[in-house]
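# Summary of the model geometry
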Amino acid sequence: MNIPQSQSIAHGFTDTPINKIYDVVIVGAGPIGLATAVGLRKRGIDNILVIDQTRAFRQVGQVVDLLPNGLKALKYVDTHAYQAVKTASLTFTKYQQSDDEKTTEVIEPKLPKPSLEWVYKNFQGQRVRSISLSFDVWFSNYGEGRVSITWYNLQTALRQLLPEDQVKPNHRCINVVDEPELGCVRLDCVSSASIEANPYAYWSDGENNHDTQSQNSDSAPQPSLTKSFRAKLIVAADGINSTVRKILYADSSQQAFAIPEYSGFAAISCREIPDIPKELRSHIEEKFLAGSPIITVANYDLREVAFSETPRMLLINRQGMGYLVHLPVPLHLVSEKSGSDLLDLVLQELEKAGFPHAIQELVRLSPPENILQRPYYIHRAAIAKNILPAWSSGRVVLVGDAAHGMPPFMAQGANQGLEDAMVITTLITNIAQENNWDNQQAIASAFDKYERLRRPFMEYIQQATLTEFPNSSDQAWQEYSDKVYTRNFEQIIAGLLVESE
Ligand SMILES: Cc1cc2nc3c(=O)[nH]c(=O)nc-3n(C[C@H](O)[C@H](O)[C@H](O)COP(=O)(O)OP(=O)(O)OC[C@H]3O[C@@H](n4cnc5c(N)ncnc54)[C@H](O)[C@@H]3O)c2cc1C
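Residues numbered from 1 in each chain as written. Predicted model: local features only at pLDDT ≥ 70, side-chain atom pairs only at ≥ 80, totals over all residues. Heavy atoms only, no water.

Next up on the list: the overall build of the chain. Helix and strand counts for the chain stand at 15 helices and 18 strands. Residues counted as buried form 58% of the 501 residues belonging to the chain. A fraction of 76% describes how many contacts in the chain between residues 6 or more apart in sequence connect residues 24 or more apart. Of the roughly 21200 Å² of accessible surface on the chain, 48% is carried by carbon and sulfur atoms. (Helix = DSSP H or I, 4+ residues; strand = E, 2+ residues; numbered from the N terminus. Buried < 20%, exposed > 50% of the residue type's maximum accessible area, 1.4 Å probe, protein only. Contact = heavy atoms within 4.5 Å. Areas by Shrake-Rupley, 256 points an atom, 1.4 Å probe, with all protein chains shown as cover.)

Attention now moves to the nonpolar core. Taken as a class, soluble globular proteins show a tendency for nonpolar side chains to be buried jointly. Ranked by size, the top nonpolar core spans 113 residues in total, and within it Val24, Leu66, Val176, Val244, Ile428, Tyr450 and Tyr480 carry the most contacts. Take this core: its biggest share by element is 10 residues, from helix α13 (residues 440-467). (Core = buried A, V, L, I, M, F, W, Y, C linked by side-chain atoms within 4.5 Å.)

Next up on the list: the environment of threonine 296. With respect to the helices, strands and loops of the structure, threonine 296 is situated in strand β13 (residues 294-297). In this structure threonine 296 comes out as buried when scored by relative accessible area, which is 6%. Measuring from C-alpha to C-alpha, the distance between threonine 296 and serine 130 comes to 9.7 Å, with 166 residues separating the pair along the chain. Sequence-distant contacts of threonine 296, defined by excluding residues within four places in its chain, comprise Trp118, Val119, Tyr120, Lys121, Met313 and Leu314. A polar contact of 2.8 Å, which involves the side chain of threonine 296, links it to the side chain of tryptophan 118. (Polar contact = N/O pair within 3.5 Å; in protein donor to acceptor, adjacent residues only side chain to side chain.)

Among the 30 residues in the neighbourhood of the ligand, the closest are listed as Asp52, Asp65, Trp151, Asp401 and Ala414. Interatomic distance of 2.9 Å between a side-chain N/O atom of tryptophan 151 and an oxygen atom of the ligand. Asparagine 415 places a side-chain nitrogen or oxygen 3.0 Å from an oxygen atom of the ligand. Against a free-state accessible area of 1000 Å², the protein chains account for coverage of 89% of the ligand. For the shell around the ligand, the secondary-structure elements that each account for two or more residues are α1 (31-42), β3 (63-66), β8 (172-179) and α12 (413-433). Of the residues in the shell around the ligand, the class split is 12 nonpolar, 12 polar and six charged. (Near = heavy atom within 4 Å. Nonpolar A, V, L, I, M, F, W, Y, C, P; charged D, E, K, R; others polar.)

Here we take up the environment of arginine 454. Along the chain, the position of arginine 454 falls in helix α13. Residue arginine 454 is classed as buried on the basis of its relative accessible area, which comes to 2%. Sequence separation between arginine 454 and glutamine 416 is 38 residues; the distance between their C-alpha atoms is 8.9 Å. If we skip the residues at most four places from it in the chain, arginine 454 touches Trp391, His404, Gln416, Glu419, Asp420 and Val423.

A one-sided burial pattern is seen for β3, the buried positions being Val64 and Leu66 and the unburied ones Val63 and Asp65. As judged from the four bridges shared by β3 and strand β6 (residues 147-150), these two strands associate in the antiparallel manner. When the bridges of β6 are listed, valine 63 appears paired with threonine 150. (Pairing = 2+ DSSP bridges.)

So, about the pairing of strand β2 (residues 48-51). Neither face of β2 is left uncovered, since the one carrying Ile48 and Val50 and the one carrying Leu49 and Ile51 both have all their residues buried. Crossover connection from strand β1 (residues 22-27) via α1 to parallel β2: handedness right-handed. The pairing of β2 with strand β7 (residues 167-168) spans two bridges and is parallel. Bridge assignment links isoleucine 51 to a residue of β7, and that residue is lysine 168. (Right-handed = clockwise from strand over helix to strand, strands pointing away.)

Here it is in structure tokens:
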């Protein structure tokens, strides 16, 4: 895998002066790119720039749960970032602070009050397990808490810790070129261009209309301006549809892994089911929801079938009653299907899995126009034992979803990305302290350490995500939680640095 080498400046690009070379340019102002930038600045590396394709930072994205491992990593990156994120979270901002105590400028999303636990029920409506949503309970179990935060508020809280002129929206990276004669890499960007839709991260309805909520992209065509930047190192945090990844993998033996693979799972949701007969509503409220705004219902009594081979339903009772079902189905059954086709598919799968009649009856009432689908994609950390998609090449390294994006079933995407940010900021700081910016071998060795530390753990997390084995029993959950949440990051980092010496 190689970065293409420079022949000449691409025609039409405004080149930055050759003597302006950043230490690090970060592609993508999502949570992981920004956390990396904050961590580098905190360690005295401030000749950096973050670019993002979005024309302006806006309220987009879903709610993300940050769990003890992600919060521990963030705290290591920068304690101010940890505090800012905690303050901007739904867990703290909305429910535990009065208006005049609020210190951040983040915009509060209109979400209902979460209950203090997430309950898992079997088909008989019996509680199989519950997971606390309380920061303090997680803190006492794992040495760090848990918060829910919207993607936008997470982005905003981190962005506000950086000088405005170091985060440039409206710069979409379209090319990465090695310039060995200058000891750097050049990034070519376009501005005010229509942004490519991200086919790997969206909800769409039966008419095949995609939401714009799940991606930092917009589509109004505008005239394009082009610009180039140079950097000693590039951190590519440009998400699951990473452009940098495609450039690195192009024309290489790993070309097949340039774009993400369908994970085998899709979500089908119905925002709201109107006109539910009173009797059916009360039955579902009493037997399943029991006062919770959201619960998971699945066949937890399975013996012969793997848990991941059966549908799991999030039953939701917020402004109205609705649901979201995770289905293990081939992609062609969901993509570009009408609302009625999707509804038929859900009903068929729920019946096959033996879901309670009341739940099937509820789903049957879904208006097809309220049905959305979202296939989930993955960049596997390992394709096979000896096929490992590279996460770096020369002066370029992939982090977050660009390296290992995956479905959200174990709520680990951003948390794992924050672990990447912690490791990468440590290793780049080491390069800076040793003044190894021009030492290709030291750079390769740092990125190799990053991959050797992070890849095996990502393999474990992706396996947990795809099989959901931690949800199969209390013991499996406990073992998984101990392995993921209780690690001591100070020790991990100390190990990395000892190795560097
Ligand atoms: C429904 C859902 C629920 C989730 N829940 C959780 C959860 O509970 N916990 C959890 O940890 N994770 C969760 N995740 C995953 C989490 O959202 C991602 O793992 C996380 O956002 C990845 O961060 P990132 O910075 O790597 O990438 P992204 O968040 O995708 O950010 C990438 C950034 O790069 C920019 N960009 C893209 N291409 C370019 C380009 N060519 N040039 C310049 N900029 C570019 C984009 O505009 C964007 O701002 C969930 C995901 C989904 C879909």
